[in-house]
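# Chains, contacts and geometry: an overview
Spelled out, the chains give:
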Amino acid sequence: MAGSSIETACVQFGAVDGGLKGKIRKLHDDGIITQSLADWAQELREIRVDAAHQAERESVITKEDAEQAVYFAEMLFTYLYKLPKMIEERRKKS
């Protein structure tokens, strides 16, 4: 679910083509997210792929993996949606 939510956010910010990997790259290339966020997102994407193909890859998705995915989604949403508004409100007070 975290991966799907992140993919939806990417689309809302104009990254509509390709899979999650391409959408993340587009957000970075367009200067919407930092390199660090893009790198973190790619790690999450790999967890998502492993989860989708767990049986055939013999990989194990841990509780920690799931918690990290949710935590990343929260941080990305803060960066994309909340932080710009917080900065705008702060600037209005200055």
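Note that the structure is predicted; figures quoted are calculated from it, not measured. Every chain's residues receive numbers from 1 upward, in the order its sequence appears when written. Local features in this predicted model are restricted to residues of pLDDT 70 or higher, and side-chain atom pairs are both shown and tallied only at a pLDDT of 80 or more, whereas totals for entire chains, interfaces and linings draw on every residue. With hydrogens and water excluded, all non-hydrogen atoms of the structure serve as input to the side-chain values.

All right, on to helix α5 (residues 63-93) then. Strands are runs of DSSP state E lasting at least 2 residues, helices are runs of H or I lasting at least 4, and numbering of each runs from the N terminus. One less than the number of residues in a helix, times 1.5 Å, gives the span that helix is expected to have. With 31 residues, α5 should reach 45 Å at 1.5 Å per residue; the first-to-last C-alpha distance of 42 Å fits that figure. Listed in full, the buried residues belonging to α5 are Ala69, Phe72, Ala73, Leu76 and Leu80. For each residue, the accessible area found with a 1.4 Å probe, counting protein chains only, is set against the maximum for its type, and the residue is called buried under 20%, exposed over 50%, and partly exposed in between.

Moving on: the packing of aromatic side chains. Here is the rule: rings of Phe, Tyr and Trp (six-membered ring for Trp) pair when centre to centre is within 6.5 Å. Planes less than 30 degrees apart are stacked, more than 60 are edge-to-face, and the remainder are tilted. This model, assessed by the stated rule, comprises four aromatic pairs. Between the aromatic rings of Phe13 and Tyr81, the centroid separation amounts to 5.3 Å while the plane-to-plane angle is 65°, which identifies the pairing as edge-to-face. Of this pair, Phe13 sits in the loop between α1 (2-12) and α2 (20-29) while Tyr81 sits in helix α5, and the two are 68 residues apart along the sequence. Classification of Tyr81 as partly exposed rests on a relative accessible area of 31%. Seen in terms of ring centroids, Trp40 and Phe72 are 4.8 Å apart; in terms of plane orientation they differ by 70°. Their pairing is edge-to-face. Of this pair, Trp40 sits in helix α3 (residues 35-52) while Phe72 sits in helix α5, and the two are 32 residues apart along the sequence. Residue classification places Trp40 among the partly exposed residues on the basis of a relative accessible area of 25%. Ring pairs connect the aromatic residues Phe13, Phe77 and Tyr81, which therefore count as one cluster.

In this analysis, a patch consists of residues with relative accessible area above 30% that form no salt bridge, clustered at 9 Å for like charges and at 5 Å for the nonpolar side chains Val, Leu, Ile, Met, Phe, Trp and Tyr. Accessible surface is estimated by sampling points in the Shrake-Rupley manner with a 1.4 Å probe; for residues, cover comes only from the protein chains shown. By salt bridge we mean one thing: a side-chain nitrogen of Lys or Arg within 4 Å of a carboxyl oxygen of Asp or Glu. Taken together, Leu83, Met86 and Ile87 make up a surface patch of nonpolar side chains, about 240 Å² in accessible area. As for its position among the elements, Met86 is in helix α5. With a relative accessible area of 49%, Met86 lands in the partly exposed category.

This part takes up the pattern of salt bridges. Considering all chains together, one arrives at four salt bridges under this definition. Measuring nitrogen to oxygen at the nearest pair gives 3.3 Å for the salt bridge that ties Glu7 to Lys23. In this pair, Glu7 sits in helix α1 while Lys23 sits in helix α2, placing the two residues 16 residues apart along the sequence. One exposure class covers both Glu7 and Lys23, and it is buried. Between Glu88 and Lys92 there is a salt bridge; the shortest N-O distance is 3.4 Å. One end of the pair, Glu88, and the other, Lys92, are both in helix α5, four residues apart, so they sit about a helical turn from each other.

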